[in-house]
Amino acid sequence: MSRFRAASVQQVLPRPVHAAAVVALLLIVLVPLAYILSASLNSDLAVAAGDFWPSQFTFGNYARIWQTTDLAGGLRNSVLISGSVAVVSALVSVMTAYVLVRHKFLGRLTTLRGLVILQSVPGTLLLLPIFVLFASVSTALRVPIIGTPWAVFVTYLTFALPFSTWVMVTYLRGLPLEIEEAARIDGAGPATVLLRIVLPLSWPGIVVAAIFSFLQGWNDVLFSSVMTSPASRTAAVALSVLSSTQDTGAVPIYGQMMAASLVCAAPVVLLNLVFQRYLVNGLTAGGIK
Amino acid sequence: MTSMERRDRPLWMLIPGAILLAVVILAPLALVSYMSLTDLDQYTLRHWTLAPFIGLGNYVEALLQAPLLSSIWISVSTAALVCVISLPIGVTAALAMQNRFPARGLVRSLFLIPYVLPAFAVGAMWRTILKPDAIVNGVLGQLGLPAPLWLNGPASYWVLVAVEAWSAWPFVYLLTLAALQSITKDVHEAAAIDGALGWAKLTRVILPQIAGSVALSMVISFLHSVNNFSVPYVLFSLPAPASVQVLPLLTYAQSFQSFRFGLSAATAVASLIIVAIPLLVYLRALRLDVGERR
Amino acid sequence: MGRRRFRGLTALVLAVVAAVSACGPAQPGTRTLQVIVSVNGSYPTQQKQWFAYIAEKFKQRTGADLAFDTFSSTSDVLTRMQTSVISNQGPDVFEIGTTFTPTAFSTGAFTTLTDQDWAKVGGKQRFRPATLGLSGPAGREIAVPETSLPYVLVYNKELFARAGIDHPADSWDGLLTQAKQLTKGGVYGLDVAYGDTGDTWKLVRNMTLQLGNPLVQGKNVTLDDPRTVAAYRMLYSFRGTGVVDPATVGWNNSQALAAFAAGKAAMMLGTSGLSQNTLDNSAVAGKYAYATMPTIPPGHATLPSGGVPATSILSGNNLVVADYSINQDLAFDYIDLVTSEAEQEHLFDVFGVLPANAAATAKVTAGRADLGPILASGQGSVGTPFNGAWADVQLQLSNVTVQLIPQLARGRVTDAQITDQLQAAQKIAADAVARAR
């Protein structure tokens, strides 16, 4: 195989097209990002006036955001809640998808279709009924639900499930059956097959499902603003404080708003940087050979 | 199916997901469907169980009086356009990651940024850039091009599409990226041996393999766009210009500004049905629900 | 990552989450009053300090704890109110803007103030009469006024002096003439935030009230009245005559303020005392002053008969007590504390908000000639009808402006276009008022 350099055999786009595509995409992504960055280093009045480049760089915004609102607490809560949602959602959706793909049962197709339909239910529609539900359960069981992280945890988890399950369904369909069947012939039960064989092979799908589930909770403002108490508030709500429309008079604190947006987006990008090797190395790690 | 397989079905694995979905989504959906049949508003909110039952009255009002049908049209058409734009961009971005190049790992993560940024930051940023006297119009003016009103009037429709597409394409990219991983090196090498390179390799080897993922990403992307509230809200605020009066803004305004909860529930349920039917048809047509077993 | 590590990670995360949620409130037996107020993004540290300070005072006075929650926007507090009303649990005391007090009233979920309740908070005579306008229908009030925030115009004294004008006119026509005089040398005479949906309808409402059209009276809705058309016509004439920057079509209130603060406009309509902080740190520091907005309607030299000399919409914050609260007594204690003369003065010192307490207002405005116009605007404020449907009426009024922006951007809005929009608005508003109870 000396004719083919191992690295280049996987590529699809020819060099010049590839270069043009990457540059174009980076521009599309980074130019608006540059605006957010420059606005975060600018004075609020200048941003309100529409200036792109700061005439004077102010780094104070990055220090002020931690005072203006409980951003640190918000980030801590968000990481905990979104992280748990991502992990649990990945687990539950792998289990559900495995059964849906590998086994036949009554109502299988309906479930698959139903999961897609559930994706089309808007969150605003469910806010009041979910609140009523949690409040009723809370009063009946004499256990606080609203105001604790559990309320939003369960909500985000469930909202993430239909899509995560579908990602795993699509992904699992692409996996070869031979190894699983071999394991089953060897006497392994379905749980073992799932955990020992399927899971390690599904990392790319799991990472995608996890990112998506993580983001369910990370960026949501609506549910978090009504279901959390100041102690359990998430970063997204803290961020919305910074963008609060002031009663006519004061200029919104644009600089801090933009700085905080970057600070809130950074953890997800960082997490992705860390986990992306699972995204791309899944199959080779599993060792099909 | 052998008897061993039948006995071995781990249906218990479905239980956690089923419980969560039943309690947190299906039960509230049932509740909301009931609410849509009542005259639930600010006056009856307190004792909502006693709100007067008006049958299909809300649905009639939603379809005839509220701008429901035009909202659905605007939502569906913008969402479709967003999908059509995101598809080539997302797939190209994923394909571009196949090549080894310096800082590939970093770029792979950077591409996610538009999807990961909080929606309101995206909206606020684009709104500030597109103001009549801001940078976009400034640049257009310098180039001698017409600088129309972006955030109101007919152009606002295209602005909504562009901004949503800007933040949506990384989603397609992400799913395609994952799908590309299922194409092992062997397959690539086999294709190379067969002489399939470039375009031929793309169409005959790669695309068929990722077609399922791409089709799924289209469906989900479409649904996300249809239900996207934050971006239009921050870009245009409420009341919104008629050309971008999308469904989420309508239901939000009915529910949280006019306090017509019954009407808003009916609007949402009606649009759910109207969107779900073509969706199911799409699923059937692409045999996504059944799936191709290899 | 092996499955053991995976499971371990999950267990760890769940344990931490459980621990976080288990950390509940302090000692059992002490009662806690939950109050929700609007967050102050301009003075965040001061607000935190104020929370601690007031909680301390409250504890000394009642022995109970005080827990503050905040909301970041009107839609936020309305959502919180709805979820609280439908589930009968939530904050005990809400700080709610005057504009939405009628909505709160219409839910029937807030405590009506009896004579004893009024006595607990110092009686109605404690408050400036102007601030009581949106407490509720006579005898069935639910809200106690807390702060006052009337709308005014701000003008650049230096530019006025240069043009030889003493003071903004008291009539809209006069104001337009002055604006024309002041538009020269790259400076615009006037600044209006056409693109701000919260702003323009208030100006229109002032004018229609002055023309004698109350818009909503009882069950009668008169949106598509020629007087309303005249009001919108005046509003748009600023753009038509070129006294405003064409870019105002897309500006929100803060952008309009920024332009004034940079000295690019001689006057700005629809601002409040909260702009002081921004203006004092800008290019026009020391050169600006407030004035009440015109009270004589367009097309007239004096107030026509039937007209009301409205300077502003009645604006400020009210305090309401939730009916489901089991801490009614504590709630009134809190309200009494916060509306007492000393605390109202303190609020003014820290946040710059005008008190509702009459004695406190007299004290803080004594010797502050610059605050005179704001106070006068407060005196002349006219409250919106106390009607659950007002929110819809207001939405329709601002919707008219939004839908006419493309025409406004081109420079001219015809009466026919205004009338078309108003007729559509009239229908929706009339429906909403008909449904009101």
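Conventions we followed
- Residues numbered from 1 in each chain as written.
- Chains lettered and ligands numbered in written order.
- Predicted model: local features only at pLDDT ≥ 70, side-chain atom pairs only at ≥ 80, totals over all residues.
- Helix = DSSP H or I, 4+ residues; strand = E, 2+ residues; numbered from the N terminus.
- Rg over C-alpha atoms; globule rule 2.2 N^0.38 Å.
- Buried ≥ 20, exposed ≤ 12 C-beta atoms within 10 Å, placed from the backbone.
- Contact = placed C-beta atoms within 7 Å.
- Nonpolar A, V, L, I, M, F, W, Y, C, P; charged D, E, K, R; others polar.
- Axes fitted to C-alpha atoms, helices over the stretch in contact; angles between N-to-C directions.
- Parallel < 35°, antiparallel > 145°, perpendicular 65-115°, else oblique.
- Pairing = 2+ DSSP bridges.
- pLDDT = per-residue confidence, 0-100.
- Domains from an automatic or database assignment.

J.: Which residues make up the overall build of chain C, and what values do they have?
T.: When you go through chain C residue by residue, the secondary structure sums to 17 helices and 13 strands. For chain C, the C-alpha radius of gyration of 24 Å lies close to 22 Å, the compact-globule estimate for 437 residues. Judged by the C-alpha coordinates and their principal axes, chain C covers about 70 × 65 × 50 Å. In chain C, which comprises 437 residues, the share counted as buried stands at 55%. Intrachain contacts of chain C at a sequence separation of at least 6 include 76% that bridge at least 24 residues.

J.: I'd like a rundown of the interface of chain A and chain B, residues and numbers included.
T.: Each side of the interface is counted separately: chain A has 83 residues, and chain B has 87 residues. The element contributing the most residues to the side of chain A that touches chain B is helix 13 (residues 254–286) of chain A, with 13 residues. A per-class count over the side of chain A that touches chain B returns 59 nonpolar, 21 polar and 3 charged.

J.: Go over helix 10 (residues 253–261) of chain C with me, naming the residues and quoting the values.
T.: Burial analysis of helix 10 of chain C places 9 of its 9 residues in the buried class, the great majority of the element. Those residues of helix 10 of chain C lying buried are Asn253(C), Ser254(C), Gln255(C), Ala256(C), Leu257(C), Ala258(C), Ala259(C), Phe260(C) and Ala261(C).

J.: Let's hear about the environment of Asp431(C): which residues, and what values?
T.: Relative to the assigned elements, Asp431(C) resides in helix 17 (residues 415–435). As for Asp431(C) and Asp199(C), which are separated by 232 residues in sequence, their C-alpha atoms are 24 Å apart.

J.: Explain the packing of helix 8 (residues 200–211) of chain C against helix 16 (residues 390–410) of chain C residue by residue, including any values.
T.: Residues and elements named next belong to chain C. Running from amino to carboxyl end, helix 8 crosses helix 16 at an angle of 105°, the nearest separation of the two axes being 9 Å. Taken as axis vectors, helix 8 and helix 16 run roughly perpendicular relative to one another. Contacts between helix 8 and helix 16 involve Thr 200, Trp 201 and Val 204 from the former and Gln 394, Leu 397, Ser 398 and Thr 401 from the latter. Counted by class, the contact of helix 8 with helix 16 contains 3 nonpolar, 4 polar and no charged residues.

J.: Now, about the pairing of strand 11 (residues 316–321) of chain C: what can you tell me, with residues and values included?
T.: All names here are of chain C. Taking burial as the measure, the 6 residues of strand 11 include 6 buried ones, the bulk of the element. For strand 3 (residues 93–97) and strand 11, the ladder comprises 5 bridges, and the chain directions are antiparallel. From the neighbouring strand, Val 93 faces strand 11, where its bridge partner is Val 321. Here strand 4 (residues 143–148) pairs with strand 11 via 5 bridges, running antiparallel. From the neighbouring strand, Thr 147 faces strand 11, where its bridge partner is Asn 317.

J.: Quick rundown of the sheet that holds strand 8 (residues 267–271) of chain C? Include the residues and the values.
T.: Residue and element names in this part refer to chain C. Reading across from one edge, 8-5-9 is the order of the 3 strands in this open sheet, with antiparallel pairing throughout. Unpaired on one side and paired on the other, strand 8 and strand 9 (288–291) mark the two borders of the sheet. Adjacent strand axes in the sheet meet at a mean angle of 25° when their direction is disregarded. Judged from the 4 bridges that link them, strand 5 (residues 152–156) and strand 9 form a sheet pairing that is antiparallel.

J.: Could you give me a rundown of the confidence of the model for chain B, with the residues and numbers involved?
T.: Mean pLDDT for chain B: 85, with 94% of residues reaching 70 or above. The least confident element of chain B is helix 1 (residues 3–7) of chain B, whose mean pLDDT is 49; the most confident is helix 4 (residues 68–96) of chain B, at 93.

J.: A description of the sheet that holds strand 2 (residues 65–71) of chain C should follow, citing residues and the corresponding values.
T.: Residue and element names in this part refer to chain C. Taken together, the 6 strands give an open sheet; going across it, the order is 2-1-3-11-4-12, and neighbouring strands pair in mixed fashion. On the outer flanks of this sheet lie strand 2 and strand 12 (354–355), each paired with one strand and no other. Here strand 4 pairs with strand 12 via 2 bridges, running antiparallel. Across the sheet, Ser 148 pairs through a bridge with Leu 354, a residue of strand 12. The strands that helix 3 (residues 74–87) touches are strand 1 (32–38), strand 2 and strand 3; relative to strand 3, the one it contacts most, it runs at about 140°.

J.: A description of the confidence of the model for chain C should follow, citing residues and the corresponding values.
T.: Residue and element names in this part refer to chain C. Across chain C, pLDDT averages 90, with 94% of residues at or above 70. Scored below 50 in pLDDT, residues 19–27 shows 6 contacts in the model against residues more than four places distant or in partner chains. The complex model carries a pTM of 0.87, and its ipTM stands at 0.83.

J.: Please set out the domain arrangement of chain C residue by residue, giving values where relevant.
T.: Residues and elements named next belong to chain C. As far as domains go, chain C holds domain 1 (28–149 + 314–382) and domain 2 (152–312 + 387–435). Inter-centroid distance (C-alpha atoms) of domain 1 to domain 2 is 29 Å. Taken together, the contacts link 16 residues of domain 1 with 21 residues of domain 2. Contributing elements (two or more residues each) for the side of domain 1 that touches domain 2: helix 4 (101–107), helix 15 (372–379) and strand 13 (381–382). A per-element tally of the side of domain 1 that touches domain 2 places helix 15 first, with 4 residues. Taken together, the residues of the side of domain 1 that touches domain 2 break down into 7 nonpolar, 8 polar and 1 charged.

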